[in-house]
Amino acid sequence: MTDITTPKDADARRAIAPVICYPTDTLPQPDMALYKAARRDVELVDQQTVPARDGASIVVPAGHFLRIVSVEGPQVGDLNLFAKDDLTERFYSGKTRALHGTHITTGDRMWSSFPHLRPMATVTHDTLAWYGMDAFGGSVHDVIGTRCDPYTGNLLDQTQYHHCCHSNLTRAVADAAGIAMAQAETHVHDVLNVFMCTGFTRDTGQYFMKTSPVRPDDYIELFAEIDLLAVLSACPGGDCSAQHSSDAAACYPLLMEVYKPADLTGWVPPQRNGYDGTHGR
Ligand SMILES: [Zn+2]
């Protein structure tokens, strides 16, 4: 630090108020009244249990609701979303974060990768919405983490652990798409951390986790705006109160349920992004 000179106006520079990178006043807003009406009369049409420390997938047709439910005990889930017939259109965690903030809840959307950039899903119900943001800056359902993975574990602790969310998702994508593990791994992407309570420390800016407030019967509900392949891992961190990337934590299954609404009058599926894709040439 000795070769760095603090400018005389350092405090004044730090005092400049921030501006929001992506103001959302021009973002097309979801019709929450429509979803609210649709979810009043729904029929359970499919379900899939995600075993503890493992992954599983389910197809969610456009116009259906996906509920991710806590069943036996506090458990965090790592969710990947794909367009059902095109694995290259997938959930874009970074852009979702830029638009909606570090954590998502009812009314926020999960956006897809370029060149599509359209809402894949809309959060229509969240029983943990009461949590808000705690005194540590922690909140639930983040789009700031990546997913626990065996490479970082090996980097930090020289481990060979095979049930991190990254590996659980890789096996589940391979099984769902009927492709080889190496190919499936290239499709696994940064997740929505369902039920996980996370934030950044105020002093060092480090990613932190703390005990998830989730209780059995809590759920987050997503409305599928396009045909989706949803792939979920029940994280080896369990409630993520202490450790992940090992068999140390108590882990529980998660449940995925697909509900079909009786009436979707007025719903219009999203179009692909309108940019012409020529990039100036
Ligand atoms: Zn994990």
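A brief report on the enclosed structure follows. (Residues numbered from 1 in each chain as written. Predicted model: local features only at pLDDT ≥ 70, side-chain atom pairs only at ≥ 80, totals over all residues.)

A few points about the overall build of the protein
And then number 1: Of the regular secondary structure elements, the protein holds 6 helices and 13 strands.
And then number 2: At 20 Å, the protein has a C-alpha radius of gyration in line with the 19 Å of a compact globule built from 281 residues.
And then number 3: Taking the principal axes of the C-alpha coordinates as reference, the protein spans close to 65 × 45 × 45 Å.
And then number 4: Taken across its 281 residues, the protein has 41% of its residues classed as buried. (Helix = DSSP H or I, 4+ residues; strand = E, 2+ residues; numbered from the N terminus. Rg over C-alpha atoms; globule rule 2.2 N^0.38 Å. Buried ≥ 20, exposed ≤ 12 C-beta atoms within 10 Å, placed from the backbone.)

A closer look at the nonpolar core
And then number 1: In terms of nonpolar packing, the biggest core is built from 64 residues, with L66, I68, L81, L228, A230 and L232 touching the most fellow members.
And then number 2: No other element matches the 6 residues that strand β12 (residues 228-234) contributes to this core.
And then number 3: In this structure I68 touches G77, V194, Y219, I220, L232, L254 and M256, once residues within four positions along its chain are discounted. (Core = buried A, V, L, I, M, F, W, Y, C linked by C-beta atoms within 7 Å. Contact = placed C-beta atoms within 7 Å.)

A closer look at the sheet that holds strand β11 (residues 219-224)
And then number 1: If you walk across this open sheet you meet the 6 strands as β1-β13-β3-β11-β7-β6, and the pairing is antiparallel. Two strands close off the open sheet at either side, each with one partner strand: β1 (42-50) and β6 (109-111). Direction aside, neighbouring strands of the sheet carry axes that sit 25° apart on average.
And then number 2: Pairing geometry for strand β3 (residues 65-70) and β11, over 5 bridges, is antiparallel. The partner of F65 across the bridge, within β11, is F223. (Pairing = 2+ DSSP bridges. Axes fitted to C-alpha atoms, helices over the stretch in contact; angles between N-to-C directions.)

Comments concerning the environment of G277
And then number 1: Among the structural elements, G277 can be located in the segment after β13 (254-261).
And then number 2: Assessed through the 9 C-beta atoms surrounding it within 10 Å, G277 is described here as exposed.
And then number 3: Placed 49 residues apart in sequence, G277 and L228 show a C-alpha to C-alpha distance of 24 Å.

Digging into the pairing of β11
Regular strands place side chains that alternate from one sheet face to the opposite one.
And then number 1: Here β11 lies mainly inside the structure; 6 of its 6 residues are buried.
And then number 2: By the alternation rule, side chains of β11 split into Y219, E221 and F223 and I220, L222 and A224, which are all buried.
And then number 3: Note that strand β7 (residues 119-126) and β11 share 5 bridges and pair antiparallel. Its bridge partner being in β11, V123 is matched across the sheet by L222.

Considerations on helix α5 (residues 165-177)
And then number 1: Between its first and last C-alpha atoms α5 spans 18 Å; for 13 residues at 1.5 Å apiece the expected length is 18 Å, and the two agree.
And then number 2: Most of α5 sits inside the fold, with 10 of its 13 residues counted as buried.
And then number 3: Taken together, the buried positions of α5 are C165, H166, S167, N168, L169, T170, R171, A172, V173 and A176.
And then number 4: Packed against the buried residues of α5 are β2 (55-60), β4 (77-83), α4 (150-157), α6 (181-187) and β12.
And then number 5: At the C-terminal side of α5, G178 shows a positive phi close to 65°. (Expected span 1.5 Å × (residues − 1).)

Structural notes on unusual backbone geometry
And then number 1: In the segment running from F114 into P115, the intervening peptide bond is cis, with an omega of 0°.
And then number 2: Of note in this structure, R53 is not a glycine but carries a positive phi near 55°.
And then number 3: Assignment of secondary structure puts R53 in the loop between β1 and β2.
And then number 4: Notably, H279 is not glycine yet its phi reads approximately 55°, a positive angle.

Thoughts on helix α3 (residues 93-100)
And then number 1: All of the buried residues along α3 are S93, T96 and H100. All buried residues of α3 fall inside an arc of 60° around its axis, so they share one side.
And then number 2: Here the buried face of α3 lies against β6.
And then number 3: At the C-terminal side of α3, G101 shows a positive phi close to 105°. (Arc of directions from axis to C-beta.)

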